[in-house]
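Coordinates in review
So the chains spell out like this:
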Amino acid sequence: MENLLDNLQQFTELKGPSGREAEIAQAIRKKWQQFGEVVEDGLGNLSITLGKGEPHIAFVAHMDEVGFVIRRIGEDGFISLNRLGGIPERVLAGQKILLLGRKGPVKGVFTTWPHHLTPDSEKYKVRSITECWVDVGAKNQKEVFELGIKVGDFGVYERSWHVEGDFIFANALDNRGGLASITKMLQQLAGQTSFRLSAIASVQEEFSVRALVPTVRELNPDTLVVVDISPATDTPEMKEHSDIKLGSGPIMHLHSFHGRGTLGGVLPPSWLVDHIERSSENVGIPLQRASVVGVITDGAFAQHLNHGIPTIEVGFPVRYTHCPVEVCSIQDLQWHADLLVATGKGFAEAYSKISSL
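Definitions and limits used
What you see as residue numbers is a count from 1 along each chain, following the sequence as written. Totals for whole chains, interfaces and linings use all residues, but because this is a predicted model, local features are given only for residues with pLDDT of at least 70 and pairs of side-chain atoms are given and counted only at 80 or more. Only hydrogens and water are removed before side-chain values are computed, so all heavy atoms of the structure are retained for them. When the sulfur atoms of two cysteines come within 2.5 Å, that pair is taken as a disulfide. Partly exposed residues are those whose accessible area sits between 20% and 50% of the maximum for their type, while under 20% is buried and over 50% is exposed, using a 1.4 Å probe and protein chains only. In DSSP terms, a helix is any run of H or I states spanning at least four residues, a strand is any run of E spanning at least two, and both are numbered starting from the N terminus. For a helix, the expected span equals 1.5 Å multiplied by the residue count minus one. Here Asp and Glu are counted as negative and Lys and Arg as positive; His is not counted, and neither are the chain ends. Salt bridge, as used here: a side-chain nitrogen of Lys or Arg that lies within 4 Å of a carboxyl oxygen of Asp or Glu. A 3.5 Å cut-off defines polar contacts: any pair of N or O atoms within that distance qualifies, except that in protein one atom must be a possible hydrogen donor and the other a possible acceptor, and neighbouring residues in sequence count only when both atoms are side-chain atoms. Note on contacts: a residue pair qualifies if any of its non-hydrogen atoms lie within 4.5 Å across the two residues. Paired strands, in this sense, are two strands between which DSSP finds at least two bridges. The angle between two axes is taken between their N-to-C directions and runs from 0 to 180 degrees, where each axis is a line fitted to C-alpha atoms and a helix contributes only its stretch in contact. For cavity detection a 1 Å grid was placed over the protein atoms alone, and a set of points counts as a cavity when a 1.4 Å probe fits there but cannot get out; an open set counts as a pocket when protein lies on both sides within 12 Å along at least five of seven lines, with lining residues being those that have an atom within 4 Å of a point. Grid points are joined across faces, edges and corners, and a volume is the space filled by probe spheres set on the points. Gly counts as polar in this scheme, as do all residues outside two lists: the nonpolar Ala, Val, Leu, Ile, Met, Phe, Trp, Tyr, Cys and Pro, and the charged Asp, Glu, Lys and Arg.

Using the criterion set out here, one finds 0 disulfides in the structure. The thiol of Cys132 is unpaired, and the distance to the nearest cysteine sulfur, on Cys323, comes to 14 Å. For Cys132, a relative accessible area of 7% puts it in the buried group. For Cys323, a relative accessible area of 12% puts it in the buried group.

Below is the structure:
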């Protein structure tokens, strides 16, 4: 448990918006190379394969987090941004941000009206990203440049971490928690597989959900397990939306669909659903089932590669997804890692049954 938590804390402290994953990738490479050779493709995806022979199962978790790109630096020193991924603009006013300049991270804050002078027309307004500005304490454009910041540089939420009981409060649990679970799985299965088991740490999932394609095409697994978050619905805002709760176990998506202009999602085959359910039962892990509209993962397009790759999403519940602080359960993460181990261990037998049909 401590190893899982230590890894997660380290991973969340590292900055890695889509397209700028080098910092988190370096940490993942260092962890994974204990178990074998780590391969990097031209886009920055990392992969490792344990064992030899057939069949071949792959697990993927993305390294990147949602973020920002500098659009304009004003003469007055205030900075305008574009969103990089699904940033909820309603949470930005007054929040801290890190801009990743050439001289190191620069701390800033999103501007907001002073409470005492806020007009009625602004009290309940959510600004679009085009109306948001960042203050880094510069008096003018020149001072911003002197901080090493230029148009096109990236930004992320300020780092955050604390634990209260069973709950972790941190940035980028989506999807550093998935990376921590896969790392734990590799640690437990290294040297124990009589078939091939691959792990992929992918890039740019929050940007395009397609950047892992070169590595998946090259590995060509028989099955792909996408390890990611699933939005928890146990807060007052989400009452009666579904029954996904923190502390109730990992989540298997029976259906996911983006539904926001992207016709992408995953409908896992029944034999793979059965395998995940049996795996959870074999190790006594509670498993939550979900149908989710509004979610898209790396599996949406990877499943169409080569001759078609049966794909399933196995996540862990997270509150306040894509916000500056997300929340998950330590127990869920432990169960999540245990489920991945059980899924890997039993895969050859499950696959042999459907292959013989």
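There's more to say after this.
A few words now on helix H4 (residues 173-189). If you check H4, its first and last C-alpha atoms are 24 Å apart, about what 17 residues at 1.5 Å a residue would give, namely 24 Å. Of all the 17 residues making up H4, 15 are buried; the element is thus mostly covered by neighbouring parts of the structure. With its phi angle positive at about 80 degrees, Gly191 sits one or two positions after the end of H4.

Below, the discussion takes up the side chain of Glu313. You can see Glu313 is positioned in strand E17 (residues 311-318). The buried charged residue Glu313 lacks any salt bridge, with Arg289 as its nearest oppositely charged partner at 13 Å. A distance of 2.8 Å separates polar atoms of two side chains, one belonging to Glu313 and the other to His253. Here the side chain of Glu313 touches Ser256 through a polar contact of 2.8 Å, side chain to side chain. Not counting residues up to four positions away in its chain, the partners in contact with Glu313 are Val226, Ile251, Met252, His253, Ser256, Val266 and Thr297.

All right, on to the sheet that holds strand E18 (residues 326-329) then. Where strands meet in a sheet, backbone hydrogen bonds hold them as pairs that are either parallel or antiparallel. The sheet built from 3 strands is open, its strands ordered E10-E11-E18 with antiparallel pairing. Where the open sheet ends on each side, the last strands, each with one partner, are strand E10 (161-164) and E18. Strand-to-strand twist across the sheet, computed as the mean angle between neighbouring axes with direction ignored, equals 20 degrees. Direction of pairing for strand E11 (residues 167-170) relative to E18: antiparallel, over a ladder of 4 bridges. Each residue of the ladder has a partner; that of Ala170, found in E18, is Glu326. Against the sheet, H4 touches E11 and E18, its axis set at about 30 degrees to E18. Across the face of the sheet, helix H8 (residues 330-345) comes into contact with E10, E11 and E18 while running at roughly 65 degrees to E18.

Right, let's talk about empty space enclosed by the protein for a bit. Here the structure, examined in full by the defined rule, presents 1 cavity of 30 Å³ or more. In this structure, the largest cavity occupies an estimated 50 Å³ of space. Tallied by class, the residues present in the lining of the largest cavity amount to 4 nonpolar, 1 polar and 4 charged.

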